[in-house]
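Read off the chains here:
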Amino acid sequence: MELQNDLLLRAAKGEEVERTPVWLMRQAGRILPEYRAIRNSLSGFIELAQTPELASEVTIQPVDILGVDAAIIFSDILVIPEAMGLPYEMVEKRGPWFPNTVKTASDLDKLRIADGANDLDYVIKAIEITKKNLNGRVPLIGFAGAPWTIFAYMIEGSGSKTFSKARAMLYTEPALSHRLLEMITQSTINYLKAQISAGADLVQVFDSWAGILGPDQYEEFSLKYIRLICEAIDEVPKTVFAKGAFFARKDMGSLPCETIGLDWNMEIKESRALIGSNKTLQGNLDPAALYGTADQVVAATQKMMKQFIGSRHIANLGHGVYPDINPERVKDFIQAVKSFS
Ligand SMILES: Cc1c2[nH]c(c1CCC(=O)O)Cc1[nH]c(c(CCC(=O)O)c1C)Cc1[nH]c(c(CCC(=O)O)c1C)Cc1[nH]c(c(C)c1CCC(=O)O)C2
């Protein structure tokens, strides 16, 4: 199926574009009343994610309602631990929670490498339905968590400010840590390849908890595995978003991927200098900027866009859109990118 709007893919590959493409991390769900209407008719997030027809519907909502230049499949990074044998629950207002965590080698022996196509068949079906229903309007982004971020949840069992159990494991059980990271990496490669076979046009790896490691540990326990994933996937362009990894920007310039995501703490020109000229940069408006008035949102967006002039760029926020943002301000952001020249 020929894409009618392939701005995202051309920008990722560093090809000519008429204008900068724009989408938002966490655009599916969260902010739209149309999403909440569907979600509230079910038992919760997990049932929605596991119902391919509905997951597909909420994936396409931001394309119809907001006018973004890409869809991102509605799912979660935590489907990988579940497919490996560690199920999660989504607790209302509190976030993910794992009844069991990995503490010892015998916990690890109970886990398996996920195969992607079978273990996560509901995501694969949702991608197939979404590709059909998008009918080539915009590209579809597939995604997975980076091994370190997935590891952090599997050890900690929930979100955390410090992830001190997960970070302790790196010091007390480095060999066990590497074994688990290898299993997650292999599962993730299988999963991303299945997403691509089903129709994903680009894949993004989210390393949401990159910023809590020091530079040496980040190289050893995170970047190494992200590199393996990028090396294994050559079918479609890849984006790596490592939140808070300002210290790793130079190393990220040599990852075998097309695009590097920037968070809003990262200065744009400095990031370009560190990462080099042969990557597309994605980002990086502060998500809190969308709490401003329409005029303020437009001004902040233009200010960001100016700093990317002459640079390979995909416009986005510096992290996921916050749940209580007015969708009208999201539209102002998108329109400000589209009319920037
Ligand atoms: C760390 C992380 C998670 N999930 C994700 C990350 C990485 C990105 C980031 O750093 O924000 C990624 C994710 N989660 C979800 C998507 C869907 C696609 C998209 O819109 O980008 C994506 C790409 C749906 C979701 N994942 C979740 C929801 C909310 C569930 C609900 O409707 O109640 C959605 C729509 C739940 C979730 N899932 C997770 C948390 C911490 C939570 C609870 C708080 C929150 O809402 O973010 C783990």
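Each value, and the rule that gives it
- Residues numbered from 1 in each chain as written.
- Predicted model: local features only at pLDDT ≥ 70, side-chain atom pairs only at ≥ 80, totals over all residues.
- UniProt positions renumbered as here; feature names shortened; annotations may be inferred.
- Helix = DSSP H or I, 4+ residues; strand = E, 2+ residues; numbered from the N terminus.
- Rg over C-alpha atoms; globule rule 2.2 N^0.38 Å.
- Buried ≥ 20, exposed ≤ 12 C-beta atoms within 10 Å, placed from the backbone.
- Contact = placed C-beta atoms within 7 Å.
- Core = buried A, V, L, I, M, F, W, Y, C linked by C-beta atoms within 7 Å.
- Near = placed C-beta within 6 Å.
- Nonpolar A, V, L, I, M, F, W, Y, C, P; charged D, E, K, R; others polar.
- Pairing = 2+ DSSP bridges.
- Axes fitted to C-alpha atoms, helices over the stretch in contact; angles between N-to-C directions.
- Parallel < 35°, antiparallel > 145°, perpendicular 65-115°, else oblique.
- Left-handed = near helix turned anticlockwise from the far one by under 90°.
- Right-handed = clockwise from strand over helix to strand, strands pointing away.

As annotated in an unreviewed UniProt entry, the protein carries the name Uroporphyrinogen decarboxylase and is attributed to Algoriphagus sediminis. For the record of the protein, the UniProt heading Subunit (unreviewed entry) holds the text "Homodimer." The record in UniProt for the protein states the following under Catalytic activity (unreviewed entry): "uroporphyrinogen III + 4 H(+) = coproporphyrinogen III + 4 CO2".

A. How the structure looks around the overall build of the protein. Looking only at helices and strands, the protein features 15 helices and 9 strands. The C-alpha radius of gyration computed for the protein amounts to 19 Å, which stays within 12% of the reference 20 Å derived for 341 residues, consistent with globular compactness. Considered along the principal axes of its C-alpha atoms, the protein spans approximately 55 × 45 × 35 Å. Counting over 341 residues, the protein shows a buried share of 50%. In the protein, the share of contacts with a sequence separation of at least 24, taken over all contacts with a separation of at least 6, comes to 74%.

B. How the structure looks around the nonpolar core. Grouped together as the largest cluster of nonpolar side chains are 111 residues, with contacts concentrated most on Ala71, Ile80, Ile141, Phe151, Val240 and Val330. Ranked by the residues each element gives to this core, the list is headed by helix α10 (residues 174–198), at 9 residues.

C. Structural detail: the site of the ligand. What surrounds the ligand is a group of 23 residues, the closest being Ala28, Gly29, Phe45, Gly95 and Ser208. When the residues that make up the shell around the ligand are grouped by side-chain class, the tally is 11 nonpolar, 7 polar and 5 charged.

D. Looking closely at the sheet that holds strand β9 (residues 313–317). Across the sheet, 7 strands lie side by side as β1-β4-β5-β6-β7-β8-β9; this open sheet has parallel pairing. The sheet terminates laterally at β1 (71–72) and β9, the two strands that pair on one side only. Of the pairings in the sheet, the one linking strand β8 (residues 280–285) to β9 comprises 5 bridges and is parallel in character. Counterpart to glutamine 282 in the pairing with β9 is isoleucine 314. Here α10 sits on the sheet in contact with β4 (140–145) and β5 (202–207), set at roughly 170° to β4. Strands β5 and β6 (238–242) of the sheet are contacted by helix α11 (residues 215–232), whose axis makes an angle of about 170° with β5.

E. Spatial organisation of helix α8 (residues 147–156). α8 sits mainly inside the fold: 10 of its 10 residues count as buried. Taken residue by residue, α8 has Pro147, Trp148, Thr149, Ile150, Phe151, Ala152, Tyr153, Met154, Ile155 and Glu156 as its buried positions. Trailing α8 by a residue or two, glycine 157 shows a phi angle of about 90°, which is positive.

F. Unusual backbone geometry, seen in detail. Omega for the peptide link from glycine 283 to asparagine 284 comes to -10°, which places this bond in the cis form. Looking at the element boundaries, asparagine 284 is found in strand β8. Phi is positive for asparagine 135, close to 55°, though the residue is something other than glycine. Residue position: asparagine 135 is located in the loop between α7 (121–134) and β4.

G. Quick look at the UniProt feature "binding site: substrate" (unreviewed entry) in the protein. Sites flagged by UniProt as "binding site: substrate" (unreviewed entry) map to Arg26, Gln27, Ala28, Gly29, Arg30, Asp76, Tyr153, Ser208 and His319. When you line up the elements, glycine 29 lands in the loop between α1 (7–13) and α2 (33–39). Residues in contact with glycine 29, not counting those within four places in the same chain, are Tyr35, Val58 and Phe74. Within the element layout of this structure, arginine 30 appears in the loop between α1 and α2. The exposure class of arginine 30 is partly exposed, given the 19 C-beta atoms found within 10 Å. Apart from residues lying up to four places away in sequence, arginine 30 is in contact with Tyr35, Val321 and Pro323.

H. Looking closely at the packing of helix α4 (residues 52–65) against α7. Direction vectors running N to C along α4 and α7 enclose 50°, while the axes themselves pass 8 Å from each other. Judged by the angle between their axes, α4 and α7 are oblique. As for the relative orientation of α4 and α7, their crossing is right-handed in sense. Counted together, Pro52, Glu53, Ala55, Ser56, Thr59 and Ile60 of α4 and Tyr122, Lys125, Ala126, Ile129, Thr130, Asn133 and Leu134 of α7 form the full contact between these two elements.

I. A look at the environment of valine 321. For valine 321, the position within the fold is in the loop between β9 and α15 (327–338). The class of valine 321 is buried, set by 23 C-beta atoms lying within 10 Å. C-alpha separation for the pair valine 321 and arginine 227, spaced 94 residues apart in sequence, amounts to 27 Å. With residues near it in sequence (within four places) discarded, valine 321 still touches Leu24, Met25, Arg26, Gln27, Arg30, Ile31, Pro287, Leu290 and Val330.

J. Just the pairing of β8, in detail. Most of β8 is tucked away, with 6 of its 6 residues classed as buried. In terms of strand pairing, strand β7 (residues 259–261) meets β8 through 3 bridges, oriented parallel. Looking across to β8, one finds that isoleucine 260 is bridged to leucine 281. One crossover worth recording links β7 to the parallel β8 by way of helix α13 (residues 268–275), and it is right-handed. As for the winding sense of the linkage, the β-α-β connection from β8 through helix α14 (residues 294–307) to β9 is right-handed.

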